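Overview (structure and organization)
So the chains spell out like this:
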Amino acid sequence: MNAPFQSLQYAGDALFLIVGAVLVFSMHAGFAFLEVGTVRKKNQVNALVKILSDWGVSTVMYFVIGFPIAYGINFWMNAGDLLQLTNGKILAGGRGFDILHCFFLLTFAACIPAIISGGVAERMKFWPQVFAGAIFTGVGYPLFESVMWGKNTFLQTWLFSSFGSSFHDYAGSVVVHSMGGWIALPAIVLLGQRIGRWVNGRSMGIPVSNIPFLGLGSWILAVGWFGFNVMSAGNFQAISGLVAVNSLFAMVGGILFGLIFSKADPGFVHNGALAGLIAICSGSDIVHPFGAFFIGGIGALIFIFGYKFETEKLKIDDVLGVWPLHGLSGSWGGIAAGIFGQKFLGGMGGVSLISQIVGTVSGAVFAVCIGLLVYGALKKTVGIRLDEKQERQGSDLAIHNIGAYPEEDMLSA
Amino acid sequence: MNAPFQSLQYAGDALFLIVGAVLVFSMHAGFAFLEVGTVRKKNQVNALVKILSDWGVSTVMYFVIGFPIAYGINFWMNAGDLLQLTNGKILAGGRGFDILHCFFLLTFAACIPAIISGGVAERMKFWPQVFAGAIFTGVGYPLFESVMWGKNTFLQTWLFSSFGSSFHDYAGSVVVHSMGGWIALPAIVLLGQRIGRWVNGRSMGIPVSNIPFLGLGSWILAVGWFGFNVMSAGNFQAISGLVAVNSLFAMVGGILFGLIFSKADPGFVHNGALAGLIAICSGSDIVHPFGAFFIGGIGALIFIFGYKFETEKLKIDDVLGVWPLHGLSGSWGGIAAGIFGQKFLGGMGGVSLISQIVGTVSGAVFAVCIGLLVYGALKKTVGIRLDEKQERQGSDLAIHNIGAYPEEDMLSA
Amino acid sequence: MNAPFQSLQYAGDALFLIVGAVLVFSMHAGFAFLEVGTVRKKNQVNALVKILSDWGVSTVMYFVIGFPIAYGINFWMNAGDLLQLTNGKILAGGRGFDILHCFFLLTFAACIPAIISGGVAERMKFWPQVFAGAIFTGVGYPLFESVMWGKNTFLQTWLFSSFGSSFHDYAGSVVVHSMGGWIALPAIVLLGQRIGRWVNGRSMGIPVSNIPFLGLGSWILAVGWFGFNVMSAGNFQAISGLVAVNSLFAMVGGILFGLIFSKADPGFVHNGALAGLIAICSGSDIVHPFGAFFIGGIGALIFIFGYKFETEKLKIDDVLGVWPLHGLSGSWGGIAAGIFGQKFLGGMGGVSLISQIVGTVSGAVFAVCIGLLVYGALKKTVGIRLDEKQERQGSDLAIHNIGAYPEEDMLSA
Amino acid sequence: MKYIVAIIQPSRLEAVKEALSTIEVFRLTVTEAQGIGRQRGHTEVYRGHEYQINFVRKVKLEIAVDDKYVEPTIEAIVNAARTGAEGKIGDGKIFIMPLEDVVRIRTRERGSEAL
Amino acid sequence: MKYIVAIIQPSRLEAVKEALSTIEVFRLTVTEAQGIGRQRGHTEVYRGHEYQINFVRKVKLEIAVDDKYVEPTIEAIVNAARTGAEGKIGDGKIFIMPLEDVVRIRTRERGSEAL
Amino acid sequence: MKYIVAIIQPSRLEAVKEALSTIEVFRLTVTEAQGIGRQRGHTEVYRGHEYQINFVRKVKLEIAVDDKYVEPTIEAIVNAARTGAEGKIGDGKIFIMPLEDVVRIRTRERGSEAL
Ligand SMILES: Nc1ncnc2c1ncn2[C@@H]1O[C@H](COP(=O)(O)OP(=O)(O)O)[C@@H](O)[C@H]1O
Ligand SMILES: Nc1ncnc2c1ncn2[C@@H]1O[C@H](COP(=O)(O)OP(=O)(O)O)[C@@H](O)[C@H]1O
Ligand SMILES: Nc1ncnc2c1ncn2[C@@H]1O[C@H](COP(=O)(O)OP(=O)(O)O)[C@@H](O)[C@H]1O
């Protein structure tokens with residue numbers, strides 16, 4: 001390969017990763033608005049500040065601790081070398097591949113606190129949540145990432161030698177979404193239900209504040225998701241159109257199943273799209289678009305019925321439904337790749353259902369453990385829940401000293 | 001051409017189409033918010049659910065029926081072949097060109113129901129509208145597309161041999177926008193005016209709910225439009241900077257004419273931008289930016305005066321004004337390409353005004369016919385309009401059982 | 001270099017600039033919503049219309065006058081030549097490099113009125129503001145641009161020969177942001193305080209209307225900023241991953257410093273992110289990410305304390321705080337590049353602190369002068385301020401004849 | 001003088017206002033209200049959970065009138081506020097209370113003159 | 001007949017409504033209101049500037065009742081509207097005013113029958 | 001005891017509140033209202049269509065006072081609620097109604113003591 005060509009390739013990789021990183025960064029605005037629209041008005045500011053703060057903390061933690069844990073590459077060198085660092089080596093003409101790769105993967109890591117945020121909304125203390133997020137993006141998540149995608153290959157090697165294929169998770173149904181959803185579960189349980197959610201054992205339902213904002217959040221997430229999945233290729237030449245189209249079909253499956261099985265409930269239709277996108281991450285490079293359609297559709301159903309089961313039967317007050325959405329649909333995605341990825345279902349093959357199940361289950365178990373550990377310790381020490389007065393007042397006033405619509409608060413303005 | 005170079009080109013095409021498809025996909029959020037902001041609060045949820053549901057249905061219909069109709073390529077093969085399918089052939093190293101091309105063109109097809117949606121808002125039944133959308137994206141639109149852009153070349157051949165140039169519609173002023181706007185016209189007429197729009201023959205005006213949301217929708221559309229036009233090149237190497245800059249100038253022409261001729265009316269300024277963008281699609285690759293400025297400006301004027309004429313003179317209750325916006329400005333765009341595309345006006349030439357007129361008129365006629373057919377049949381059979389009680393209550397409660405701001409509905413929340 | 005390769009490069013440059021231009025174009029929606037959320041409800045429509053109108057006028061002014069002033073290239077030729085115009089020459093195979101370059105740089109120029117808009121909000125007349133914006137984007141800004149980035153190289157040559165390095169401003173902390181912020185200062189002072197901002201010498205505070213919209217604006221800006229900085233490379237091959245990661249770290253520094261030094265105030269956290277991004281523009285290609293973190297963090301502190309100083313001590317009623325945000329943090333960015341760019345702080349070197357100070361100060365002085373000139377002249381002649389009745393009524397009704405939520409204004413709707 | 005409070009359906013506001021004009025009652029104060037009464041609220045459903053909305057949107061009019069205007073005012077409201085020919089459940093109520101004095105802020109006029 | 005106006009804490013609305021049902025008072029009109037009284041407002045801070053919010057969100061009930069219902073209604077409201085066992089500052093007030101006549105718009109019934 | 005209802009311009013609320021404080025009237029209830037009267041509404045235009053807004057934003061104060069406070073209260077409101085030296089059309093009205101009883105929910109106090 002000649003030099004100008006090589007240079008073009010470096011530039012292509014840089015652009016590819018930047019576009020991906022920016023798209024997934026924008027998804028965090030989606031997380032913010034999904035929560036803004038779903039919580040009551042008195043907790044909207046908190047939703048916005050949480051997501052942005054978690055992003056800030058995640059960036060520092062993941063660059064300094066997380067990425068080195070997962071991939072064995074660190075950034076303690078001067079800017080000139082950093083620019084040329086490519087797969088751990090200083091290559092002349094490099095355009096910052098490794099730091100961009102880290103940026104792109106940070107956008108995944110930062111999903112963990114963003115996912116949890118939606119479950120613990122309206123009653124969680126601010127700083128303990130920031131702290132927990134830091135632990136997850138700095139240590140917890142990168143540990144699992146290192147095993148599935150990174151430098152600690154023992155499990156993957158074993159799966160490969162035992163079942164013919166290692167655990168396949170192209171864009172993180174399991175590594176990212178299921179991880180976030182299953183960490184959130186113990187957090188939500190340890191936190192307890194919001195005041196007024198059940199009164200004398202009767203399920204009361206706390207109304208959402210703003211469906212247009214919720215829809216906006218959902219749209220931002222859906223658009224950014226194409227970066228999430230497509231740029232998971234990791235470099236420009238590895239781009240696959242199939243990934244984009246499978247993401248599309250899974251999303252559409254989620255929309256249509258959500259539409260039909262919920263009588264056009266706006267919450268389920270918009271979240272159905274997300275459930276579909278979550279479920280397809282794992283297998284987006286190997287399944288057929290029509291397979292993707294069912295992966296997404298079933299993902300939406302799992303969310304719909306999982307959410308009802310969680311909230312009405314288990315009485316777990318998961319505000320945005322992040323456990324059924326990211327946890328259950330994500331786990332389904334990991335397993336589904338082992339089914340719909342098979343050649344006889346039109347897939348690319350090269351995937352083992354057993355490996356998929358082992359990988360998926362290990363992710364969920366790991367997540368519940370670190371969730372229990374971190375939130376349990378926080379609950380024992382500094383406490384994780386706002387006091388009753390603060391919760392009634394709303395986290396906006398209690399934490400941030402301002403409501404979401406200050407002008408309205410002042411009658412005479 | 002050598003192999004690594006070829007590979008880079010495949011990758012470039014894939015990225016190019018994905019970026020385009022994602023940008024135009026995001027425009028659908030724009031359609032949603034434009035409608036959310038324009039309808040009354042009691043119909044905002046419906047706007048959101050309609051756009052997302054129509055997108056879902058359109059995806060399935062266009063991939064399975066529409067694209068094969070228009071281009072003669074279908075996707076009944078396994079994922080591995082799908083990945084390599086490029087212009088109908090299985091090419092080693094392909095990155096999914098054909099499915100991406102279909103994805104990109106789907107984002108156009110799906111504009112048809114999204115455009116109609118804004119015209120029939122606040123009183124149309126949900127499922128008949130979903131059904132109509134399916135027919136248009138699956139059959140109606142692809143038929144016309146096949147004639148103008150696709151495999152049925154008879155008309156284009158005849159125009160070319162008769163008038164020296166075939167019908168030129170680079171990014172679909174006619175094929176997409178005018179099509180959507182002119183289909184909407186019979187739908188709106190068959191549906192009738194909203195209750196309260198005219199009282200005892202007096203035009204009452206129904207106020208819009210939320211100008212910031214409407215502005216947001218307009219911004220999302222304007223941003224995504226650069227994908228709509230630029231990626232209409234179809235492949236990476238065919239990219240033209242002129243297309244981007246012409247889109248800019250037409251939009252700006254629309255903004256400024258809208259500003260001046262409406263005394264800074266926010267509706268006309270924001271919609272003026274869109275009218276400009278609609279009008280430029282056809283000729284964006286062949287006109288001069290200063291020509292584009294006038295194409296857009298005149299497009300905005302056509303919208304402004306067309307809207308007044310439609311609603312006040314013809315008493316057609318077109319909620320968002322989709323017929324003058326997409327229908328009239330789109331048709332103007334088709335014709336304008338035949339004027340401003342001429343060399344003596346600084347254009348690239350190679351375009352015939354007569355062909356442009358024939359193509360444009362045939363599009364409008366075809367659209368009105370299929371619109372009449374589909375909505376006429378639906379009206380005769382299942383009915384297309386909510387009953388009076390439902391309409392008064394609002395489509396959110398009537399169809400989706402929930403308002404847009406549930407917390408506000410529950411006083412004591 | 002062979003022909004197909006050259007062609008690919010042209011196409012790459014076109015795509016690169018288009019992606020950049022579109023990202024920065026989208027930032028203008030961010031400016032709009034930042035203002036919509038910060039002003040009172042009665043001025044939201046005006047915020048939206050102003051930003052869009054200024055964009056329209058800026059486009060015309062900058063293409064026709066500004067860019068030729070700054071770079072000596074004009075566009076008075078037919079469309080065919082325009083498409084091939086590349087660095088002032090007609091090159092076969094060109095994809096419109098110069099017009100795209102102009103489009104990209106227009107998105108910067110148009111920031112000037114958008115920045116000012118936030119400072120003069122709620123009481124400025126509409127047309128004088130449009131006119132002032134036209135002068136700045138058409139003449140004022142391009143003059144300074146020509147000196148720092150363009151064809152008038154005398155200052156840069158002198159700085160280089162005197163201090164070893166010319167003034168370094170990669171993406172415009174000084175040329176764009178500081179320019180906008182420092183022009184705004186005299187405008188705001190000449191305009192005077194809003195009615196009710198100080199009552200009998202007591203600072204009353206005028207509450208913002210909508211923190212979610214403000215947050216949305218901030219998010220849109222932050223996302224688009226990656227185009228602002230990354231595409232400042234000017235062509236595809238010059239892309240640098242370091243620029244993207246430094247932007248990230250400066251933003252994060254701004255978020256975290258904003259969070260900690262303001263007790264989680266949503267205004268300071270969201271604006272902190274922007275202050276960080278403003279400060280990093282200058283040195284984003286030469287500092288180390290950890291340096292960028294502090295550049296951004298200090299930028300946020302400068303904003304926080306500068307804003308308090310400006311509004312409470314100097315009693316300047318700067319609605320969005322654009323002078324401390326863009327002016328002060330921008331100036332800080334220019335100087336910071338001369339500090340953190342040094343090799344001993346991990347930077348790339350090749351930058352002189354003195355040159356940075358000279359460049360930065362000259363920018364601020366120039367800005368204040370043209371601001372005084374233009375707004376002074378306007379004040380003397382046509383007047384710049386709404387009359388009292390209009391201001392009390394709100395600029396929406398006074399200028400645009402419509403409120404932001406018309407349905408709410410009509411009780412019985 | 002009497003202070004008349006009328007609770008009506010929002011959709012009838014315009015008609016009531018016009019009916020009052022025809023009997024030369026041009027001044028009133030309007031507030032949005034929520035009614036609880038025989039007319040039932042509705043149920044909303046979001047993500048499978050049902051919410052009972054027990055309130056019905058109403059508009060409340062307050063009209064201070066001279067004694068001789070009381071009956072015409074009642075008559076005008078009743079006629080214009082009914083929905084359908086027969087009236088429907090939820091059409092509302094009119095309450096008549098004694099009013100001892102009135103002051104026009106602008107002029108300090110008092111009593112009937114200030115109405 | 002009396003016209004009872006009660007200002008209560010918004011969080012007690014549901015309980016008051018239920019308490020009223022048990023004494024067979026099923027009809028009332030509700031509006032959102034802001035109270036100024038002994039209960040203080042709060043301070044908000046935005047970008048370093050403090051805003052005094054001097055108002056406290058309240059809910060206002062209007063209930064027209066027959067004389068014999070007055071005391072039970074007061075009793076029901078007082079019991080249900082208190083926050084905490086002792087009641088807290090800001091729990092609100094009940095005002096009782098004379099009501100001269102009532103008209104049911106739907107039926108034109110008047111007086112007690114129309115209540 | 002009297003029940004005073006005052007309709008004023010929203011921009012005068014702060015001043016009226018302060019004026020009332022100086023005569024030691026510290027408690028009141030505020031609601032947003034829309035007025036119809038001599039002061040005309042305005043016209044809005046959207047996409048070429050005109051909308052008549054016939055309402056003017058007002059603020060409604062409700063103040064229950066002991067008889068001896070009635071005149072001072074009226075005086076305080078009139079002075080503080082006027083816009084401009086002369087007062088302008090639309091400055092509003094004050095209505096005085098008889099109040100038979102008051103209950104403080106927290107303490108069950110009744111009558112003047114509960115005010
Ligand atoms: N006794 C009452 N006190 C206060 N408001 C009442 C009373 N009775 C009815 N209302 C108001 O009038 C509205 C209509 O009453 P409702 O019982 O639904 O129908 P109708 O007026 O036909 O009997 C209620 O929603 C409520 O706002
Ligand atoms: N004299 C009054 N006139 C009108 N409203 C009053 C009056 N006194 C109290 N209120 C209303 O009752 C609410 C509660 O009063 P407050 O003085 O705070 O507590 P408490 O009722 O415990 O004495 C106030 O916010 C106000 O809305
Ligand atoms: N008779 C009335 N009944 C109820 N409200 C009234 C009455 N007269 C006036 N108002 C209220 O007072 C406001 C001011 O009245 P308006 O006639 O505009 O000016 P002015 O008080 O100067 O005569 C009105 O908007 C309305 O809210």
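Heads up: these notes are all about the structure in this document. (Residues numbered from 1 in each chain as written. Chains lettered and ligands numbered in written order. Predicted model: local features only at pLDDT ≥ 70, side-chain atom pairs only at ≥ 80, totals over all residues. Heavy atoms only, no water.)

**A word on the packing of aromatic side chains**
Going through the model one piece at a time under the given rule, you end up with 93 aromatic pairs over all chains. For the pair A:Phe25 and A:Trp55, a centre-to-centre distance of 4.8 Å together with 45° between the ring planes defines the contact as tilted. Of this pair, A:Phe25 sits in helix α1 (residues 3–38) while A:Trp55 sits in helix α2 (residues 44–71), and the two are 30 residues apart along the sequence. With respect to burial, A:Phe25 and A:Trp55 carry one shared label: buried. Each ring, one from A:Phe25 and one from C:Trp219, has its centre 5.2 Å from the other, and the planes form 45°; the classification is tilted. On the criterion of chain membership, the pair formed by A:Phe25 in helix α1 and C:Trp219 in helix α9 (residues 211–230) is interchain, its members lying in two chains. (Phe/Tyr/Trp six-rings, centres within 6.5 Å; stacked < 30°, edge-to-face > 60°. Helix = DSSP H or I, 4+ residues; strand = E, 2+ residues; numbered from the N terminus. Buried < 20%, exposed > 50% of the residue type's maximum accessible area, 1.4 Å probe, protein only.)

**Thoughts on the pattern of salt bridges**
Residue and element names in this part refer to chain A. Within this structure, the stated rule accounts for 53 salt bridges over all chains. As a salt-bridge pair, Arg 392 and Glu 388 come within 2.9 Å of each other at their nearest N and O atoms. Here the residue Arg 392 and the residue Glu 388 both occupy positions in helix α15 (residues 388–393), the gap between them amounting to four residues, near one helical turn. Counted as one network, the salt bridges with shared partners bring together Arg 40, Glu 122, Arg 194, Arg 197, Glu 312 and Asp 317. (Salt bridge = Lys/Arg side-chain N within 4 Å of Asp/Glu carboxyl O.)

**Focus on the relation of the copies chain A and chain C**
Take chain A, turn it by 120°, move it 0.0 Å along the axis, and it overlays chain C with an RMSD of 0.0 Å. Expressed as a symmetry operation, the mapping of one chain copy onto the other fits a three-fold axis. Scanning chain A for the C-alpha nearest the rotation axis identifies A:Phe5, at a separation of 4.7 Å. (Least-squares fit on C-alpha atoms with pLDDT ≥ 70 in both.)

**Looking at the site of ligand 3**
As a structural note, the neighbourhood of ligand 3 is formed by 22 residues, with D:Thr29, D:Arg104, D:Arg106, F:Arg38 and F:Lys93 the closest of them. The local environment of ligand 3 is shared, drawing residues from chains D and F. Between ligand 3 and the protein, one listed contact pairs a nitrogen atom with a backbone N or O atom of D:Ala64 at 3.0 Å. Contacts to ligand 3 include D:Arg104, whose side-chain N or O atom sits 2.8 Å from an oxygen atom. For ligand 3, whose unbound accessible area comes to 540 Å², protein coverage reaches 99%. Contributing elements (two or more residues each) for the shell around ligand 3: β2 (28–36) and β5 (56–65) of chain D together with β2 (28–36) and β6 (93–98) of chain F. The dominant element in the shell around ligand 3, judged by the number of residues it contributes, is β5(D), at three residues. Of the residues in the shell around ligand 3, the class split is seven nonpolar, six polar and nine charged. (Near = heavy atom within 4 Å. Polar contact = N/O pair within 3.5 Å; in protein donor to acceptor, adjacent residues only side chain to side chain. Areas by Shrake-Rupley, 256 points an atom, 1.4 Å probe, with all protein chains shown as cover. Nonpolar A, V, L, I, M, F, W, Y, C, P; charged D, E, K, R; others polar.)

**Concerning the interface of chain D and chain A**
The interface is formed by six residues belonging to chain D together with 21 residues belonging to chain A. With both chains or domains summed, chain D and chain A bury close to 890 Å², and 54% of this area falls on carbon and sulfur atoms. On the chain D side of the interface with chain A, the three residues burying the most area are D:Tyr46, D:Arg47 and D:His49, jointly 78% of the side's total. Remark: the boundary between chain D and chain A carries zero salt bridges. Linking chain D to chain A there are eight residue pairs in polar contact (both at pLDDT 80 or more). Listed by contribution, the elements that provide at least two residues to the side of chain D that touches chain A are β3 (42–46) and β4 (49–53) of chain D. Its residues placed into classes, the side of chain D that touches chain A shows three nonpolar, two polar and one charged. (Contact = heavy atoms within 4.5 Å. Buried area = accessible area lost by both parts, 1.4 Å probe.)

**So, the interface of chain A and chain C**
Counting residues at the interface gives 60 residues for chain A and 51 residues for chain C. Taken together, both faces of the contact between chain A and chain C bury some 4500 Å²; the carbon and sulfur share is 83%. For chain A, the biggest contributors to the area lost against chain C are A:Leu8, A:Leu52 and A:Glu407; these three give 14% of the whole. Applying the counting criterion to the chain A and chain C interface returns one salt bridge. For the salt bridge of C:Lys41 with A:Glu408, the shortest nitrogen-to-oxygen distance reads 3.8 Å. Going through the elements one at a time, α1, α2, α3 (79–84), α4 (97–109), α6 (126–148), α9 (211–230), α16 (395–400) and α17 (406–409) of chain A are the ones with two or more residues in the side of chain A that touches chain C.

**Overview of helix α12 (residues 289–313) of chain B**
Since one α-helical turn is 3.6 residues long, residues separated by three or four positions face the same way. Over its 25 residues, α12(B) runs 35 Å from end to end, which matches the ideal 36 Å to within 8%, given 1.5 Å per residue. Phi for B:Lys315, located one or two positions after α12(B), is positive at around 55°. (Expected span 1.5 Å × (residues − 1).)

**Side note on unusual backbone geometry**
Positive phi values are uncommon outside glycine, yet A:Ala264 reaches one of about 60°. Along the polypeptide, A:Ala264 turns up in the loop between α10 (241–261) and α11 (266–280). Phi is positive for B:Glu122, which is not a glycine, with a value near 80°. Following the sequence through the fold, B:Glu122 ends up in the loop between α5 (111–119) and α6 (126–148).

**Looking at the site of ligand 2**
In the region of ligand 2, 22 residues are neighbours, and E:Arg38, E:Lys93, F:Thr29, F:Arg104 and F:Arg106 sit closest. Around ligand 2, the nearby residues trace back to chains E and F. E:Gln39 has a polar backbone atom sitting 2.9 Å from an oxygen atom of ligand 2. In the environment of ligand 2, an oxygen atom lies 2.8 Å from a nitrogen or oxygen atom belonging to the side chain of F:Thr29. For ligand 2, the accessible surface in isolation is 540 Å², of which the surrounding protein chains cover 99%. Elements represented by at least two residues in the shell around ligand 2 include exactly β2 (28–36) and β6 (93–98) of chain E together with β2 and β5 (56–65) of chain F. Among the elements that line the shell around ligand 2, the one with the most residues is β5(F), at three residues.

From the geometry alone we can't say anything about function, so treat these as descriptive.
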